[in-house]
Amino acid sequence: MNQRNFQKELERIIARCEHESRVPRLLLHACCAPCSSYVLEYLSKYFLITVFYYNPNISPAEEYEKRVAELRRLIEELPVKHRVRMETGPYEPLRFYEVSRGYEDAPEGGERCFRCYRLRLEETARMAAEGGYDYFTTTLTISPLKNARRLNEIGEELGELYQVSHLPSDFKKKNGYQRSIELSAEYHLYRQNFCGCVFSHRERCVSAQPELL
């Protein structure tokens, strides 16, 4: 089975969009400002973007609010061809704990993360369908630590369920991840060292202090 090239699939869609008479609307799920930086720089040339910040996995609440503030600041300061809007979903950490139940000790990047992907992407797909967007997608595929194939599979499943097109992506390609690091430095963005959930934070702490095992 040939491995799909999601970046090439995205480029084909963009090429079609450039020949349309109207600019398509995209609901972009965003996890944080650093991951959003390159994605917004790249996609805002081709789409009318609304950034949707919905991340019930992030804790504590202070971390959540810090990421919201940084993302708003980035959107205000980043030069873009088409104006970018932002919507913030409700902070619902109990929903994250519900989908994580039984997988608290699963390694980062495994089934617990896949359930978290689905939770956030499903809310995005639902909002995109209700708002009449042409596409939805997520910034999560820019991270080398996230499973782009699984993210795209979940996005496509939800796109069929909610009858809204999922925009394929693997934003780390074409030096996207490196560009996000450059933009983070340029805009002095707060760049966290864990995904945001209590389980990943615990895993990072244990890894940093093996003598405690």
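The rules behind the values
- Residues numbered from 1 in each chain as written.
- Predicted model: local features only at pLDDT ≥ 70, side-chain atom pairs only at ≥ 80, totals over all residues.
- Heavy atoms only, no water.
- Salt bridge = Lys/Arg side-chain N within 4 Å of Asp/Glu carboxyl O.
- Helix = DSSP H or I, 4+ residues; strand = E, 2+ residues; numbered from the N terminus.
- Buried < 20%, exposed > 50% of the residue type's maximum accessible area, 1.4 Å probe, protein only.
- Patch = residues over 30% accessible without salt bridge, like charges linked within 9 Å, V, L, I, M, F, W, Y side chains within 5 Å.
- Areas by Shrake-Rupley, 256 points an atom, 1.4 Å probe, with all protein chains shown as cover.
- Polar contact = N/O pair within 3.5 Å; in protein donor to acceptor, adjacent residues only side chain to side chain.

Engineer: Lay out the pattern of salt bridges in plain terms, naming residues and giving numbers.
Structural biologist: Within this structure, the stated rule accounts for 22 salt bridges. The closest approach of N and O atoms between Glu-41 and Arg-179, which form a salt bridge, is 2.8 Å. With Glu-41 in helix 2 (residues 33–43) and Arg-179 in helix 7 (residues 176–186), the pair connects residues that are 138 residues apart, well separated along the chain. Glu-41 sits in the partly exposed class, given a relative accessible area of 25%. For Arg-179, a relative accessible area of 26% corresponds to the partly exposed category.

Engineer: Describe a nonpolar patch on the surface, listing the residues and the values that go with them.
Structural biologist: Where nonpolar side chains cluster on the molecular surface, the patch consists of Leu-94, Tyr-97 and Val-198 and spans about 270 Å² of accessible area. Inspection of the secondary structure puts Tyr-97 in helix 4 (residues 93–100).

Engineer: Explain unusual backbone geometry to me, and be specific about the residues and the numbers.
Structural biologist: Residues Ser-59 and Pro-60 are joined by a peptide bond in cis, for which omega reads 0°. The backbone of His-188 sits at a positive phi, close to 55°, despite the residue not being glycine. In this fold, His-188 is placed in the loop between helix 7 and helix 8 (198–208).

Engineer: For the environment of Asn-147, give the residues involved together with the corresponding values.
Structural biologist: In this structure, Asn-147 sits in the loop between strand 4 (135–138) and helix 6 (148–162). Once the C-alpha coordinates of Asn-147 and Val-84 are considered, the two residues, 63 residues apart in sequence, prove to be 26 Å apart. From its side chain, Asn-147 meets the backbone nitrogen of Arg-149 in a polar contact 3.2 Å long. In this structure the side chain of Asn-147 is engaged in a polar contact, spanning 2.8 Å, whose partner is the backbone nitrogen of Arg-150.

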